Amino acid sequence: MFIHLKDLASKGTIRIEGTEDLTGILPKSGSLLGHGPLQVRLEARGKAGTAEVTGELDIDVEQSCSRCLSPVGQHLTIPFHETFVKGEAQELEESEDQDEEDVLYVSEDRFELKPYLAESILMALPFIPMCSEDCQGLCPVCGTNRNEKACECKTEKVDPRLAGLADFFKDRS
């Protein structure tokens, strides 16, 4: 999916709708286990070497639950808003009408939009995905998923500074 700044400047506004495959771009590591196709609904407006792209992205993702490691499927609707400017950051740094943080600089008239879409998706992923609010997680001793079955492991922790007091309260026979 490419944006042509010259074509955009002559046409004014271009609507971009469709499905994109981000298989080679989105990583299949870390908490992201898998993803579906990306549904794109964008509108690009251009004038004199700039392109403002706004719209929404829809994608189904699968992540690992942060407590029990079970797969968690979610549907994400992500707002997208980026402004692209042709040129180098040093050249355009002196212009006061554009904030440096709000624009992305591209070196050519034609640039690929997919990496920016993938970045928006990665930034929108839940930081701590959970399968449910009451997920009990894994047993730290035996590794059993406590949502599926209970284990008999002793998980009581005693502060080592107070361990001597435990002996004081034991029955003396």
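Residues numbered from 1 in each chain as written. Predicted model: local features only at pLDDT ≥ 70, side-chain atom pairs only at ≥ 80, totals over all residues. Heavy atoms only, no water.

Concerning a nonpolar patch on the surface
- Taken together, the side chains of Leu 162, Leu 165, Phe 168 and Phe 169 present a nonpolar region at the surface, about 470 Å² in accessible area.
- In this structure, Leu 162 sits in the loop between helix H3 (114-124) and helix H4 (163-168). (Patch = residues over 30% accessible without salt bridge, like charges linked within 9 Å, V, L, I, M, F, W, Y side chains within 5 Å. Areas by Shrake-Rupley, 256 points an atom, 1.4 Å probe, with all protein chains shown as cover. Salt bridge = Lys/Arg side-chain N within 4 Å of Asp/Glu carboxyl O. Helix = DSSP H or I, 4+ residues; strand = E, 2+ residues; numbered from the N terminus.)

Here we look at the packing of aromatic side chains
- Per the stated rule, a full pass over the model turns up two aromatic pairs.
- Taking 4.6 Å as the distance between ring centres and 40° as the angle between the ring planes, the aromatic pair formed by Phe 84 and Phe 111 counts as tilted. With Phe 84 in strand S6 (residues 71-86) and Phe 111 in strand S8 (residues 110-112), this residue pair connects regions lying 27 residues apart in the sequence.
- Using a relative accessible area of 0% as the deciding quantity, one classes Phe 84 as buried.
- On the basis of relative accessible area, Phe 111 is assigned to the buried category, the value being 6%.
- Ring centres of Phe 84 and Tyr 116 lie 4.9 Å apart, and the angle between their planes is 70°; on these two criteria the pair is classed as edge-to-face. (Phe/Tyr/Trp six-rings, centres within 6.5 Å; stacked < 30°, edge-to-face > 60°. Buried < 20%, exposed > 50% of the residue type's maximum accessible area, 1.4 Å probe, protein only.)

Some remarks on the pattern of salt bridges
- Within the structure shown, the criterion is met by six salt bridges.
- A salt bridge links Arg 15 to Glu 17; its shortest N-O distance comes to 2.7 Å. The residues Arg 15 and Glu 17 share a single accessibility class, namely exposed.
- The closest approach of N and O atoms between Lys 114 and Glu 20, which form a salt bridge, is 3.5 Å. Of the two residues, Lys 114 is situated in helix H3 and Glu 20 in strand S2 (residues 13-20); the sequence distance between them amounts to 94 residues. Taken individually, Lys 114 and Glu 20 each receive the classification buried, so the pair is uniform in this respect.

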